[in-house]
Amino acid sequence: SDVYKRQYQRRVHGEIKNNTSPLHDEFISQRLGLVPLESSRVDQFVYRKECQKCSSGCDECSVRFRLQLRNHGEETVNVTSRHLEQILSDRPENADIKPVKYRSVLNEEAGIVITKLGKNQEIDLECTAVKGIGQQHTKWSPSCVSNFAHVPDIAIKETVMALSLIHI
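Residues numbered from 1 in each chain as written. Predicted model: local features only at pLDDT ≥ 70, side-chain atom pairs only at ≥ 80, totals over all residues. Heavy atoms only, no water.

Trainee: Help me understand the overall build of the protein in this model?
Mentor: Along the backbone of the protein there are three helices and eight strands. The secondary structure elements of the protein, listed N-terminal to C-terminal, are α-β-α-β-β-β-β-β-β-β-α. Counting every position in the protein, which comprises 168 residues, the buried fraction comes to 27%. As displayed, the protein offers around 12,300 Å² of accessible surface, 52% of which is attributable to carbon and sulfur atoms. (Helix = DSSP H or I, 4+ residues; strand = E, 2+ residues; numbered from the N terminus. Buried < 20%, exposed > 50% of the residue type's maximum accessible area, 1.4 Å probe, protein only. Areas by Shrake-Rupley, 256 points an atom, 1.4 Å probe, with all protein chains shown as cover.)

Set out below in structure tokens:
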């Protein structure tokens, strides 16, 4: 609905124009929010809430990116952080802000997978990156790792063990 879309756009700081990928808009926005960006000028950016120039985003406190890709082939295409293109601003020095380079196990530059596109599927969106700290949200923490392991709970009944020892 329109109300949901307006709330969603305020939260994400972007707009998904077209998404026919297997993932819902919410999944795409969450994955985009977790893509780390690198810049040698991060100290020159101000936090959005402290920006004196604007209230909703400008070149001093944010950077805009566009992701536009359509799969015309038969093979599945990985949409990665390498497909994010910066929308150039009035400040050419902002051009050095890019997604962190990720290398695969084979030491190939792969990018962080955002979604996959099948035949005739496409994604078209614009998003805004803002400076943040881990105290505000975990996605701004320098390391955030979680591991899962299946740990079986084995309980041995002593009466069964005692009976099995008698028969030996």
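Now that the structure has been shown, we can carry on.
Trainee: Please clarify how unusual backbone geometry should be interpreted in this entry.
Mentor: Peptide bonds are mostly trans, and most non-glycine residues show a negative phi. A positive phi angle is found at Asn-107, which is not glycine, with a value near 65°. If you trace the backbone, Asn-107 turns up in the loop between strand E6 (98–99) and strand E7 (113–117). Overall, Asn-107 belongs to the exposed group, its relative accessible area being 54%. Located in the positive-phi region is Asn-120, a residue other than glycine, with phi close to 65°. Following the sequence through the fold, Asn-120 ends up in the loop between E7 and strand E8 (122–130). Classification of Asn-120 as partly exposed rests on a relative accessible area of 42%.

Trainee: I'm lost on the confidence of the model for the protein in this one. Help?
Mentor: Detailed conclusions should not be drawn from predicted coordinates in areas where pLDDT is low. Averaged over all residues, the pLDDT of the protein equals 78, while 79% of them reach at least 70. Every residue in residues 1–12 scores below 50 in pLDDT, and together they form 11 contacts with partners more than four places removed in sequence or on other chains. (pLDDT = per-residue confidence, 0-100. Contact = heavy atoms within 4.5 Å.)

Trainee: How should the nonpolar core be read in this particular structure?
Mentor: Soluble, globular proteins show a tendency: their nonpolar side chains are buried together. Counting residues in hydrophobic clusters, the biggest one holds 18 residues, and the most contacted among them are Ile-28, Leu-32, Phe-65, Leu-67, Ile-123 and Leu-125. Contact partners of Leu-32, with chain neighbours within four places excluded, come to Leu-84, Ile-114, Leu-125 and Cys-127. (Core = buried A, V, L, I, M, F, W, Y, C linked by side-chain atoms within 4.5 Å.)

Trainee: Could you clarify how one ought to interpret the pattern of salt bridges in this entry?
Mentor: A side chain with one charge may pair with a side chain of the opposite charge, provided their charged atoms come close. On inspection of all chains with the given rule, the structure shows six salt bridges. We note a salt bridge from Asp-124 to Arg-66, for which the minimum N-O separation is 2.8 Å. Of this pair, Asp-124 sits in strand E8 while Arg-66 sits in strand E3 (residues 62–70), and the two are 58 residues apart along the sequence. For Glu-126, the salt bridge goes to Arg-66, with nearest N and O atoms at 3.0 Å. Residue Glu-126 is found in strand E8, and its partner Arg-66 is found in strand E3; the two are separated by 60 residues along the sequence. Salt bridges sharing partners connect three or more residues here, namely Lys-17, Arg-64, Arg-66, Asp-124 and Glu-126. (Salt bridge = Lys/Arg side-chain N within 4 Å of Asp/Glu carboxyl O.)

Trainee: I tried to follow helix H2 (residues 25–33) on my own but got confused; where do I start?
Mentor: For an α-helix, the turn length of 3.6 residues means that residues three or four places apart are oriented alike. Listed as buried for H2 are Ile-28, Ser-29 and Leu-32. Within H2, the buried residues cover an arc of 95° as seen down the axis, which keeps them to one side. (Arc of directions from axis to C-beta.)

Trainee: Hey, could you run me through the side chain of Ser-62 in this one?
Mentor: Structurally, Ser-62 is set in strand E3. Contacts of Ser-62, omitting those with residues within four sequence positions, involve Phe-45, Arg-48, Gly-57, Thr-128, Ala-129 and Val-130.

Trainee: Would you mind going over the environment of Ser-81 with me for this structure?
Mentor: Note on placement: Ser-81 falls in the loop between strand E4 (77–80) and strand E5 (85–86). Taking C-alpha positions, Ser-81 is 9.0 Å from Tyr-102, a pair spaced 21 residues apart along the chain.

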